[in-house]
Amino acid sequence: MDELLQEFISETQESLEALAGEVVAWEADPSDRERLDAIFRFFHTVKGSCGFLHLPRFERLSHAAEDVLSDIRSGERCPDAATVNAVLSIMDRIAQLTHAVAVGAPLAQEDDEHLVAALAMQEVECVPLDVPGQPDPPATAHRQRSAQAAPRTIRLPLALIDQLMNGVSDMVLARNELARQLRDRAGDPALEGAFERLSNCVADMRDAISRTRMQRIDRLFAAIPRTVRDLGRELGKQIALTLEGGDVEMDREMVEMAVDPLIHIVRNSIDHGIETPERRRALGKPETGQLRLEARQSGNQIVIEISDDGAGIDTARLVEKAIAAGCLTPQAAARMSEAERIDLIFQPGLSTAHAVTAVSGRGVGMDVVRANIERIGGAIGLDNQPGRGLRITLRLPLTLTIIPGLVLRAGGLHFAIPRAAVVEILHDNNEMLRIGAVGGAKIVTIRNVRHSMIDLEDVLGLDIPAQSGPRTIMVVRSASGLPFALGVSAVENHEELVIRPASPIVMASGIYAGMTLPDNGKPMLLLDAAGLARNASLPEIAENPIEAKAEDRADAKNDVEMIAALRFEELSGERRLLQLSLIERVEELETHLFGQSGDHAFVRLSDRLVPVINGRHGFAREAVSALRLRDGVREAYYAVAAVLDIVQMPIVPDMITMQGNLSGVSVVDGEHLEVVNPFALFASLPEEPLGHSRPGRCVLADAQDGWAREILAPLLRHAGHDVLIGLPDGEALDPRDIVLCTTSDAMQAADILGCRAVQLRAAQQPSGPQDASIYRYDQPALMAAIAGAG
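Criteria and cut-off values
What you see as residue numbers is a count from 1 along each chain, following the sequence as written. Local features in a predicted model are, by the rule used here, given only for residues with pLDDT of at least 70; side-chain atom pairs are given and counted only at 80 or more, and totals for whole chains, interfaces and linings are based on all residues. Hydrogen atoms and water are omitted, and side-chain values are computed over all heavy atoms in the structure. Inter-axis angles, ranging from 0 to 180 degrees, are taken between N-to-C directions of lines fitted to C-alpha atoms, where helices are fitted over the stretch in contact. Per the convention used, a helix needs a DSSP run of H or I reaching at least four residues, while a strand needs a run of E reaching at least two, with both numbered from the N terminus. Angles are sorted into four bins: roughly parallel if under 35 degrees, roughly antiparallel if over 145, roughly perpendicular if 65 to 115, and oblique for all others. Two helices that cross are described as forming a left-handed crossing if the nearer one is turned anticlockwise from the farther one by less than a right angle, and a right-handed crossing if clockwise. Whether two residues are in contact is decided by their heavy atoms, any of which lying within 4.5 Å being enough. Throughout, nonpolar core names a set of buried Ala, Val, Leu, Ile, Met, Phe, Trp, Tyr and Cys residues whose side chains join them through atoms within 4.5 Å. Buried, partly exposed and exposed residues are distinguished by accessible area as a fraction of the type maximum, computed with a 1.4 Å probe on protein chains only: under 20%, between the cut-offs, and over 50%, respectively. To estimate the expected span of a helix, subtract one from its residue number and multiply by 1.5 Å. We define a salt bridge as a side-chain nitrogen of Lys or Arg found within 4 Å of a carboxyl oxygen belonging to Asp or Glu. Basically, the charged four are Asp, Glu, Lys and Arg, the nonpolar ten are Ala, Val, Leu, Ile, Met, Phe, Trp, Tyr, Cys and Pro, and anything else, Gly included, counts as polar. Each polar contact in these results corresponds to two N or O atoms within 3.5 Å; when the atoms are within protein, one needs to be able to donate a hydrogen and the other to accept it, and residues that are neighboring in sequence are counted only if both atoms are side-chain atoms. The pairing criterion for strands is at least two bridges between them, as found by DSSP.

*Asks:* How should the packing of helix H3 (residues 56-73) against helix H4 (residues 81-103) be read in this particular structure?
*Replies:* When two helices pack together, their arrangement is captured by the angle between the axes and the distance separating the axes. In the contact formed by H3 and H4, the axes pass within 10 Å of each other and the chain directions differ by 155 degrees. Here H3 is positioned roughly antiparallel relative to H4, judged by the angle of their axes. Remark: the crossing between H3 and H4 carries left-handed chirality. When H3 is examined against H4, the residues Arg57, Phe58, Leu61, Ala65, Val68, Leu69 and Ile72 are found in contact with a partner set consisting of Thr83, Val87, Ile90, Arg93, Ile94, Leu97, Thr98 and Val101.

Structure follows, in structure tokens:
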């Protein structure tokens, strides 16, 4: 009996999770007979099982709901809002009773009669759903879906799956040890072939067992429709919900831990973001607000985006609330950037609600959401569009049992740390880093931002070994605390780590999150960033992180304001600096792509011409490095001999010259470097971008030439040129047109018209030194000639 009861509880809870959204969808489309049948089958199954298991309250509730749904199926009753509310209330009560039975708690003593009575209420006169003589699309769709065989499933305890995973991990280690033994001995092809087959089988088994822990994200989305429906009705808002990516899979444990943060974000979007219909009409928006949840897999992460078309975050009100709550001073608020203002939403105890309600206003909000997301190795980001909406992006690891990690060395031992916890890795000889001491504690300053610093050896009680090279400084972010700097001997590798529980005596130290078994077979302890911070008595919650950042930035401005710059070598040999924010990327371009038209140089990219600021003919190499610059609208290239490194330079040069493309000279690392003036660079570009000027037509003079019609003309059209086949009869050519000739007669006709002409030859080599024609299959030369004609 106990096994049957447990089976009943498990099936009922799973069905309830799935059906909450189905009821809401059925309310929106009462003609969906398939959903109605699924809901009816649930209550019918519960009623049938309850009599055998002697659960009279379950039986009475499910029987009442089944009767009403049976009337709806027969067309005797309509599924109005009151009916749907009553059905949902019955499902909620069954869920409460099921949970009580599962945990062995006494059943709630609430009266169920008012729930049963609510089912008898009818708001509107019934209109039959089925129209005689009309096909039933849902039924047709149901028949089509039913034709597909349902997947066969069984239910297993998670502990058994974990035991299988641990066993396969041990097999992997044994395989690796066997591989090392085989490498040390004389090779036997037959033995090596057998080992290779065994190795593949072990790898396939490990992947298969790993997938048993995966679950469709549909379960994470299951409670969203019900939440949106109920909260929208409570607040008087009309909301259209869109769910996408339900077929994405993630670890079952991760699904459980992500439910609460996701529900909280959805409730915030409805309460704070989406406006009432009256307010949306006044703003010129549709009365129905849009709420969209989309899930997708990106590498080893699951990305969940929650977006709405509501009001967005009012950062000015956030700042006012923060100042009123004492979290921020007006002076620090005045120095904050827009991104830092938005980040205030994560401050503990801060709420933008005007009054405390059942939904919000108590200050327990996004700080808890971010802490919970970061605690499972995830991250949260905001894209705020005031007046137009807000998009919140959650990035979660694919699984909690296999995570990307870094292998580090400290005190002569190896440890692992989750890669998601590491913000940045530097060496202690880096010029952007300064290490000092304040009151006996270490402080590291990285790009004018201060962090508390600890050495891992000090936390673990190990000796710091002497080493010839620099030590590594890692900026680590704990789940709920401030980023801090962690000093280690070196970071040696990064790999996917299988996480296993460590012994209780090890976990009792509070600084480890478990152990891992890498492929080398040597167990390593997995460090817990939050545990390290607590052990070192570092602040777990920032008292005022935004204000501290603003003060750090203000202190830096009192000295010299610095910006990032690229140090490079010109083609002529000079070493110069250029502001890094203007450089989109560095590319290696073949020199034959460069050309010149009049006073303007260009480079051809996929048959698109981009200006080159310092263009020239005759590079001494086959490829040249080029900086791709962009001012937000225009783009251009700057050819260089070599890219050296990225440095910090004063925003105002030490000596101002303002000559040509140079703005002055700055001293960086004891070297005098000329600073390139970005204003002068973009001012030297042509008034109209080359890629947007209207090119001339390509006129194919030899109208009867099959090669010109069938091969040359398509090439030119694919390159974006207008093509005219044959010389125009009695029509003047535009000076920008270029005539392409394949015979000498056509060349003479083009000369008579007085326009630019290019002679194409069939032979690969010219007939002599006076032959200025172009080999017809030399595409770069042909395109350069056409571009030069404009």
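From this point on, the discussion continues.
*Asks:* It is not clear to me how the nonpolar core should be interpreted in this structure. Could you clarify?
*Replies:* Here is a general trend for soluble globular proteins: nonpolar side chains tend to be buried in one another's company. Within the largest apolar cluster, 48 residues are counted, with the highest numbers of intra-cluster contacts made by Ile217, Leu262, Leu291, Ile304 and Leu394. For this core, the element with the highest residue contribution is helix H11 (residues 252-273), accounting for 8 residues. For Ile304, the residues in contact, after removing those within four places along its chain, are Ile217, Leu220, Leu262, Glu294, Ala295, Ile392, Thr393, Leu394 and Leu396. With 31 residues, the next largest nonpolar core counts Phe43, Ala65, Met91 and Leu97 among its residues.

*Asks:* Mind showing me how you'd approach helix H7 (residues 158-183) here?
*Replies:* A rise of 1.5 Å per residue sets the reference length of H7, with its 26 residues, at 38 Å; its end C-alpha atoms lie 38 Å apart and thus fit the reference within 8%. Taken together, the buried positions of H7 are occupied by Ile161, Met165, Val168, Ser169, Val172, Leu173, Arg175, Asn176 and Ala179.

*Asks:* For this particular structure, what's the right way to read the pattern of salt bridges?
*Replies:* Two side chains that carry opposite charge are able to pair once their charged atoms sit near each other. Going through the model one piece at a time under the given rule, you end up with 29 salt bridges. Arg226 is paired through a salt bridge with Asp230; the nearest N and O atoms lie 2.7 Å apart. One end of the pair, Arg226, and the other, Asp230, are both in helix H10 (residues 224-235), 4 residues apart, so they sit about a helical turn from each other. By relative accessible area, Arg226 is classed as buried at 14%. With its nearest N and O atoms 2.6 Å apart, the salt bridge here joins Glu287 to Arg281.

*Asks:* Which parts of the structure should I look at to understand the packing of H7 against helix H8 (residues 189-211)?
*Replies:* H8 packs onto H7 with a crossing angle of 155 degrees between their chain directions and a minimal axis gap of 10 Å. The orientation of H7 relative to H8 falls into the category roughly antiparallel. Considering only the axes of H7 and H8, their crossing is left-handed. Here Ile161, Leu164, Met165, Val168, Met171, Val172, Arg175, Leu178, Ala179 and Leu182 of H7 come into contact with H8, specifically with Leu191, Phe195, Ser199, Val202, Ala203, Met205, Arg206, Ile209 and Ser210. Among the residues forming the contact of H7 with H8, the class breakdown is 15 nonpolar, 2 polar and 2 charged.

*Asks:* Would you mind showing me how to read the side chain of Glu275 here?
*Replies:* Inspection of the secondary structure puts Glu275 in the loop between H11 and helix H12 (277-282). Among the polar contacts made by the side chain of Glu275, one reaches the main-chain amide nitrogen of Ala311 at a distance of 3.2 Å. With near-sequence residues (within four places) excluded, Glu275 lies in contact with Lys237, Arg280, Leu283, Lys285, Asp309, Gly310 and Ala311.

*Asks:* Would you mind going over the environment of Glu496 with me for this structure?
*Replies:* Inspection of the secondary structure assignment puts Glu496 in strand S16 (residues 490-500). Along the primary structure Glu496 and Gly405 are separated by 91 residues, whereas in three dimensions their C-alpha atoms are 6.1 Å apart.

*Asks:* Can you walk me through the sheet that holds strand S35 (residues 774-775) in this structure?
*Replies:* Sheet strands associate in pairs through backbone hydrogen bonding, adopting either a parallel or an antiparallel arrangement. A sheet is described by the order of its strands in space; here 5 strands give the open sequence S32-S31-S33-S34-S35, paired in parallel fashion. Across the chains shown, the open sheet's two edge strands, defined by having one partner strand only, are strand S32 (723-725) and S35. The sheet contact formed by strand S31 (residues 698-700) and strand S33 (residues 738-741) spans 3 bridges and is parallel. Pairing of Leu700 across the sheet is with Leu740, part of S33.

*Asks:* It is not clear to me how the sheet that holds strand S2 (residues 239-244) should be interpreted in this structure. Could you clarify?
*Replies:* One open sheet accounts for 5 strands, arranged S2-S4-S5-S7-S6; its pairing is mixed. Both outer strands of the open sheet, S2 and strand S6 (379-385), are each paired with one neighbouring strand and no more. With direction set aside, neighbouring strand axes in the sheet form an average angle of 10 degrees. As paired elements, strand S5 (residues 301-308) and strand S7 (residues 389-397) share 8 bridges and run antiparallel to each other. When the sheet's bridge partners are listed, Glu305 is paired in S7 with Thr393. Sheet strands in contact with helix H16 (residues 366-375) are S6 and S7, and its direction is about 140 degrees off that of S6.

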